[in-house]
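# Summary of structural features
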Amino acid sequence: MAISKENKDFIDSLVDYYINESESYRQIAENFVPEIESVADTAFGIITGCVYSGFLQAYQNQQQTPSLEDMREFNQIIKQRAPLIKKSILEPNQQTESKKEPEKED
């Protein structure tokens, strides 16, 4: 069984949401300095953990259990989106600026 289109779209929307909110997760990670070695890696772990939790919750809501193939596909999706997640953590202001609507000229 492969991940359904509906669930893929949901995962993508979760990733997009957490990318947009990455600065908040970076701030959470900063609260654990000096216990952690890397704020960016910790924020990345928090974000991917939240997306993973949402992925599992989606299956639970559908009264299903993800197969090993589904888990591998999920990991591939995260791996593909990882550079964007990492960039949003390292350069939060650039991420929000690039998402803004272009200003209309009069």
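Higher on the page you've got the structure.
All values derive from a computational prediction rather than experimental measurement.

### Details of the environment of T48
- Along the chain, T48 turns up in helix 3 (residues 39-61).
- What makes T48 buried here is its relative accessible area of 16%.
- Non-local contacts of T48, meaning those with residues more than four positions away in its chain, are made with I78 and I85.
- In terms of polar contacts, T48 uses its side chain to reach the backbone carbonyl oxygen of G45, at 3.3 Å.

### Concerning the side chain of R81
- Note that R81 resides in helix 4 (residues 68-90).
- A distance of 2.4 Å separates polar atoms of two side chains, one belonging to R81 and the other to D16.

### Here we look at unusual backbone geometry
- Residue P34 is bonded to the preceding V33 through a cis peptide linkage, with omega at 10°.
- You can see P34 is positioned in the loop between helix 2 (22-30) and helix 3.

### Considerations on the environment of Y59
- Residue position: Y59 is located in helix 3.
- Judged by relative accessible area, which is 1%, Y59 ranks as buried.

What counts, and where the lines are drawn
- Residues numbered from 1 in each chain as written.
- Predicted model: local features only at pLDDT ≥ 70, side-chain atom pairs only at ≥ 80, totals over all residues.
- Heavy atoms only, no water.
- Helix = DSSP H or I, 4+ residues; strand = E, 2+ residues; numbered from the N terminus.
- Buried < 20%, exposed > 50% of the residue type's maximum accessible area, 1.4 Å probe, protein only.
- Contact = heavy atoms within 4.5 Å.
- Polar contact = N/O pair within 3.5 Å; in protein donor to acceptor, adjacent residues only side chain to side chain.

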